[in-house]
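As a plain string of letters, each chain reads:
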Amino acid sequence: MSKDRYESPLASRYASEYMLGLFSPRTRIRTWRRLWVALARAEHQLGLPITAEQVAELEAHLDDIDFDLAAQREKEVRHDVMAHVYTYGKAAPSAAGIIHLGATSCYVTDNADLLLYRDGLRYLRGELLAVMANLARFADRYKATPTLGYTHYQPAQLVTVGKRACLWLQDLLSDLEELDFVLGSLRFLGCRGTTGTEASFLDLFDGDGAKVDEMNRLIAAEFGFDQCFSVCGQTYPRKLDSRILNCLSSIAQSCYRFANDLRLLQHDRQLEEPFEKNQIGSSAMAYKRNPMRCERICSLSRYLMADAQNAAMTASVQWLERTLDDSANRRISLPEGFLCADAILRLMQNVTDGIHVNEKVIDRAVREYLPFIATENLMMEGVKRGGDRQELHEIIRSCSMAATARMKEGESCDLLRRLAAEPAFGMTEAEMEAVLDPSAYIGRCPEQVDAFLARIQPLLDSAQAAEKPEINL
């Protein structure tokens, strides 16, 4: 690798070998050649003057791609598809004259993109489920561990560590459902001609529209599609790109939310991301243990959320049947979007597999605020002992304000001592302490965790049984 040329950090630092291979020039051009073979095979089967030997020769030369020759030819003709038609013809000379017969460039470029995006989405689905499986185990383990809840990032009623994890999980489940919808709605472009009318193929098949339909059915089926887009211009609808990048952006939004929450909790030393034995947190402050991976998740997620705007702007300006101002943008925004989503989910797997829970710190925070949370229960107990509810309410209010003011001065909470000193309560401080069992203030958190995990467990089980997809070469 040259150190004198820029390389995308997504390629050099963050993305997986799978995703780098999927969007590599070799995979892309080999996919073009597979599409040319499929077209030639379908045309042969439907009676056009293409021989089985020509199809076989094309198949035999899927892999020997002369990229140098293609680059040289592209400089001459200023057209990447025609440069590779020429290069393929040099590798398979007996079939050179029938490569790309009747097709337009988008037959290979767009259909290949659809195949790459489908494989990419399938791979990300497995990565997303792996993150969910980690969080599900975490949620189950800590489903009954009380922790201070926050609204407006201010102390609120208790929740549990596991219940909070289910909030993150539910966001990711929504992303999985959206991803599955996108995968389920993918269609093949097929071979539709320069403006989507299939006129060139109607001419090749002497006006037989049924043969044109069968050709598209055969090609689509060879690549695992059972439907083509009903109508199109020269390209497949760019609304699909918008749908795909919106899906990836949605994943980024959920991952950002998780990582940002963990950064807040790490500041409070309640939860921490994994930290290796020899890891350095700061070049200057050797004691630092920064949430670097969660910060990286947030940073990459912000990029991906912004990247999704490219597809929306492109889809909105597709003039009539075709314009080419989408091409350069799509070459960057779609692959980079996939690589970025891959990088985020790889980081998410690492972090969610090793979240460190500082239970004593969590318990100390709970104990500090529990007297305030328990005041309603204390008031009810005081009423049972003969107190006046309205009078007790005012006592709690005034004592709470005084205790809070004391805490703001750096002192410990003395609310129970203040309340026990009030004769109207008729309770000692020890009796009040007995009411302060954190598990009595977590509501239905454990049951909610159990119910949610039971709902998603079949998804997680199916993911564990499935193998990761391979690059479809």
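Residues numbered from 1 in each chain as written. Predicted model: local features only at pLDDT ≥ 70, side-chain atom pairs only at ≥ 80, totals over all residues. Heavy atoms only, no water.

Colleague: Explanation requested: the overall build of the chain in the structure shown.
Modeller: Looking only at helices and strands, the chain features 19 helices and four strands. On C-alpha atoms alone, the chain measures out to a radius of gyration of 31 Å, which is more than a quarter above the 23 Å that the 2.2 N^0.38 rule sets for 473 residues. Across the chain, contacts joining residues at least 24 apart in sequence account for 77% of those joining residues at least 6 apart. For the chain, the computed accessible surface area is about 23300 Å², with 50% contributed by carbon and sulfur atoms. Positive and negative side-chain charges in the chain, numbering 55 and 67 respectively, have mean positions lying 3 Å apart. (Helix = DSSP H or I, 4+ residues; strand = E, 2+ residues; numbered from the N terminus. Rg over C-alpha atoms; globule rule 2.2 N^0.38 Å. Contact = heavy atoms within 4.5 Å. Areas by Shrake-Rupley, 256 points an atom, 1.4 Å probe, with all protein chains shown as cover. Lys, Arg positive; Asp, Glu negative; His and termini not counted. Charge placed at Lys NZ, Arg CZ, Asp CG, Glu CD.)

Colleague: I would appreciate a short explanation of the pattern of salt bridges in the present structure.
Modeller: Side-chain pairs of opposite charge can arise where the charged atoms are in close proximity. A complete count under the given rule lists 30 salt bridges for this structure. One salt bridge in this structure joins Lys143 and Asp450, with 2.8 Å as the shortest N-O distance. Placement of Lys143 in the loop between helix H7 (105–141) and strand S1 (146–151) and of Asp450 in helix H19 (residues 445–465) is noted, with a sequence separation of 307 residues between them. Among the ionic pairs, Glu177 bridges to Arg455, the shortest N-O distance being 3.5 Å. Separated by 278 residues along the polypeptide, Glu177 in helix H8 (residues 161–184) and Arg455 in helix H19 bring together distant segments of the chain. Judged by its relative accessible area of 51%, Arg455 is exposed. Shared partners join several salt bridges into a network, and the residues in it are Arg406, Glu411, Asp414, Arg417 and Arg418. (Salt bridge = Lys/Arg side-chain N within 4 Å of Asp/Glu carboxyl O. Buried < 20%, exposed > 50% of the residue type's maximum accessible area, 1.4 Å probe, protein only.)

Colleague: Honestly, the environment of Gln170 in this entry has me stumped. Any pointers?
Modeller: Position of Gln170 relative to the elements: it lies in helix H8. When the C-alpha positions of Gln170 and Cys298 are compared, they lie 19 Å apart, and in sequence the two are 128 residues distant.

Colleague: Would you mind showing me how to read the packing of aromatic side chains here?
Modeller: For any pair of aromatic rings, the description rests on two quantities: the centre-to-centre distance and the angle between the ring planes. Summed over all chains, the structure comprises 13 aromatic pairs. On the basis of an interplanar angle of 40° and a centroid distance of 5.4 Å, the ring pair of Phe23 and Phe338 is categorised as tilted. Of this pair, Phe23 sits in the loop between helix H2 (17–22) and helix H3 (25–45) while Phe338 is found in helix H13 (residues 327–352), placing the two residues 315 residues apart along the sequence. When sorted by exposure, Phe23 lands in the same class as Phe338, which is buried. When the centroid spacing of 6.3 Å and the interplanar angle of 80° are considered together, the rings of Trp32 and Trp36 count as edge-to-face. Residue Trp32 and its partner Trp36 are both found in helix H3; the two are separated by four residues, about one turn of the helix. One exposure class covers both Trp32 and Trp36, and it is buried. (Phe/Tyr/Trp six-rings, centres within 6.5 Å; stacked < 30°, edge-to-face > 60°.)

Colleague: What should I look at first to understand the packing of helix H11 (residues 239–267) against helix H12 (residues 292–316) in this one?
Modeller: Two numbers describe a pair of packed helices, the interaxial angle and the distance between the axes. For the pair H11 and H12, interaxial distance at closest approach is 8 Å and the crossing angle is 160°. Classified by the angle their axes make, H11 and H12 are roughly antiparallel. Every pair of crossing elements has a handedness; the one defined by H11 and H12 is left-handed. Residue composition of the contact of H11 with H12, by class: 16 nonpolar, six polar and six charged. (Axes fitted to C-alpha atoms, helices over the stretch in contact; angles between N-to-C directions. Parallel < 35°, antiparallel > 145°, perpendicular 65-115°, else oblique. Left-handed = near helix turned anticlockwise from the far one by under 90°. Nonpolar A, V, L, I, M, F, W, Y, C, P; charged D, E, K, R; others polar.)

Colleague: Please clarify how the nonpolar core should be interpreted in this entry.
Modeller: A general tendency of soluble globular proteins is for nonpolar side chains to be buried together. Leu271 and Phe338 are the most contacted members of the largest nonpolar core, which totals 139 residues. Every residue in contact with Phe338, bar those within four places of it in the chain, is listed here: Met19, Phe23, Tyr117, Gly120, Leu121, Leu124, Ile244 and Leu248. (Core = buried A, V, L, I, M, F, W, Y, C linked by side-chain atoms within 4.5 Å.)

Colleague: Just checking my understanding: could you explain H3 for this structure?
Modeller: Note on helix geometry: an α-helix contains 3.6 residues per turn, so any two residues three or four positions apart are oriented the same way. In a regular helix each residue adds 1.5 Å, so 21 residues correspond to 30 Å; H3 covers 30 Å between its end C-alpha atoms and thus fits that length. Within H3, 16 of the 21 residues are buried, leaving the element largely enclosed by the surrounding structure. Of the residues flanking the end of H3, it is Gly47, one or two places downstream, whose phi is positive at about 100°. (Expected span 1.5 Å × (residues − 1).)

Colleague: What is the right way to read the pairing of strand S2 (residues 154–160) from this model?
Modeller: A regular strand places its side chains so that they alternate between the two faces of the sheet. Here S1 pairs with S2 via five bridges, running antiparallel. If you follow Tyr150 over to S2, its bridge partner there is Pro155. In this structure, the hairpin formed by S1 and S2 is closed by a connection of two residues, where His152 is found at a positive phi of approximately 60°. (Pairing = 2+ DSSP bridges.)

Colleague: Sorry, what's going on with helix H16 (residues 389–408) here?
Modeller: In this model, H16 (20 residues) spans 28 Å end to end at C-alpha, consistent with the 28 Å of a helix rising 1.5 Å per residue. Along H16, the residues classified as buried are Leu392, Ile395, Ile396, Cys399, Ser400, Ala403 and Met407. Summarising the axial view, the buried residues of H16 lie within an arc of 135°, below the 170-degree limit, and thus occupy one face. Exposed side of H16, more than 90 degrees from the buried face: Gln390, Met401 and Lys408 are the residues found there. Buried residues belonging to H16 abut helix H14 (359–373), helix H15 (375–384) and helix H17 (415–420). Its side-chain oxygen 3.0 Å from the backbone nitrogen of Gln390, Asp388 forms the N-cap of H16. Directly after H16, the chain includes Gly410, whose backbone phi takes a positive value near 90°. (Arc of directions from axis to C-beta. Polar contact = N/O pair within 3.5 Å; in protein donor to acceptor, adjacent residues only side chain to side chain.)

Colleague: Where do I start with the packing of H15 against H16 in this structure?
Modeller: Direction vectors running N to C along H15 and H16 enclose 145°, while the axes themselves pass 10 Å from each other. Crossing of H15 over H16 shows right-handed handedness. Along the contact surface, H15 presents Thr375, Met379, Met380, Gly382 and Val383, while H16 presents Arg389, Leu392, His393 and Ile396. Of the residues assigned to the contact of H15 with H16, the class counts are five nonpolar, three polar and one charged.

Colleague: Is there a simple way to explain the environment of Phe205 in this structure?
Modeller: Of note, Phe205 is situated in the loop between helix H9 (199–204) and helix H10 (209–222). A C-alpha to C-alpha distance of 49 Å links Phe205 and Tyr14, two positions 191 residues apart in sequence. Excluding anything up to four places from it in sequence, Phe205 contacts Leu46, Leu48, Lys211, Val212 and Met215.

Colleague: What exactly am I supposed to notice about the environment of Ala91 here?
Modeller: Examined against the element boundaries, Ala91 turns out to sit in helix H6 (residues 80–91). Of the residues examined, Ala91 reaches a relative accessible area of 18% and is grouped as buried. Note: C-alpha distance between Ala91 and Tyr123 (32 residues apart in sequence) is 32 Å. Other than its neighbours up to four places away in sequence, Ala91 contacts Glu57, His61 and Asp64.

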